[in-house]
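Notes for the structure review
Spelled out from the first residue to the last, the chains are:
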Amino acid sequence: MNSKMDLSEILLYLELIKKEKKRKPLLKELNMMLYFLEDYDQVEEFHNKLIEKFTIYIPFRFLSEGLIHFIEDYEACVNLKNKILQTSSRKDSMLFMHQILLSETKEQAISIIKEAKEFEVELGEEWADNYDSMWRIKKNQDEWRRNIIEFSEYNLFSETYEDFYKMKLNYFESLSLNQLKETLLEKQTHNNNRKITQTTVYDRSVYIKEFARRVSNGICQLCEKSAPFLDKQGKPFLEVHHIHYLSKGGSDNMENVVAVCPNCHRKIHQLELEEDVKKISTRALENIGI
Ligand SMILES: [Zn+2]
Ligand SMILES: [Zn+2]
């Protein structure tokens, strides 16, 4: 399976199935999406988006057997647990167990066991010894990922992914270049008003990539040759490069991206030639005017 989604694509996928298919994500889809996320920041952003878009429609099994394993912050764990307890009549011992793993003292752990009892969840006194166990949380995450691969859900995901890819293509094809730019500018202004800038980067990145590819018209913006091949969907294969690297604080904006062939992309990173940077910077500025 060569399908791998990043968070930005996942957020778009959630938007598209809601808007175009008028349905909520399935358990197997949610599990796979979670599987692709890289760190807890991403998990949290994903979770916030789910709540924002689908509120109480998130399957209980996903919350209690999937998502909870990824929470590494005590407050976030308590918040999620409370939300689940409020919205579902089902209780899962994992909710309380995970909170114990994140608690700092044994006393705290004991009080969580007592609380669990009020919800008719019997944990057993010995569980109190598991407080402050980040290693166990990491182990649970690994186990969860392994399970996902072993389940057939993983194989089924290829289909889901193809489906998403088509939806994404159709969606972007339905947007004119101007609409694409407007969407990006909207997201940009909206984001500047929000405190957490990191999270909003994900939201935009899939649009920025589409913009860079769209304005390149299938021609590498450095060597000016046609893309070396067409992808499975018949689209010219070019890679999107950030002129000022994101890892060094560069922004995910229209003026900071170009689409280049894989060869040039490697050359840019390998040699970091001033003349190349100059050329692609000029191209990026021209792109905005297109
Ligand atoms: Zn090139
Ligand atoms: Zn690059």
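Here the structure is a predicted model, which is why all the values come from computation and not from measurement.

Core analysis: the largest hydrophobic core is formed by 86 residues, its most contacted members being Leu 34, Phe 46, Phe 62 and Leu 123. Looking at this core, you find at least three residues from each of domain 1 (7-154) and domain 2 (177-289). If sequence neighbours within four positions are ignored, Phe 62 has contacts with Leu 27, Leu 30, Asn 31, Leu 34, Phe 46, Leu 50 and Leu 67.

For the zinc ion (ligand 2), the protein coordination sphere consists of His 241 (ND1), His 265 (NE2) and His 269 (NE2), at 2.1 to 2.2 Å. In the primary sequence, the donor residues of the zinc ion (ligand 2) line up as H-x23-H-x3-H. In this pair, His 241 is assigned in strand β1 (residues 239-242) and His 265 in helix α12 (residues 262-271), connecting sequence segments 24 residues apart. Taking relative accessible area as the criterion, His 241 reaches 2% and is therefore assigned buried.

The subject of this paragraph is the environment of Ala 76. Structurally, Ala 76 can be placed in helix α5 (residues 74-87). Using a relative accessible area of 12% as the deciding quantity, one classes Ala 76 as buried. Residues Ala 76 and Glu 44 lie 32 residues apart in sequence; the distance between their C-alpha atoms is 8.8 Å. Those residues within four positions of Ala 76 in sequence are excluded, and the remaining contacts are Tyr 40, Glu 44 and Ile 71.

Rules of the game
- Residues numbered from 1 in each chain as written.
- Chains lettered and ligands numbered in written order.
- Predicted model: local features only at pLDDT ≥ 70, side-chain atom pairs only at ≥ 80, totals over all residues.
- Heavy atoms only, no water.
- Core = buried A, V, L, I, M, F, W, Y, C linked by side-chain atoms within 4.5 Å.
- Buried < 20%, exposed > 50% of the residue type's maximum accessible area, 1.4 Å probe, protein only.
- Domains from an automatic or database assignment.
- Contact = heavy atoms within 4.5 Å.
- Donors = N, O, S within 2.8 Å, 3.2 Å for Na, K, Ca; no water.
- Helix = DSSP H or I, 4+ residues; strand = E, 2+ residues; numbered from the N terminus.

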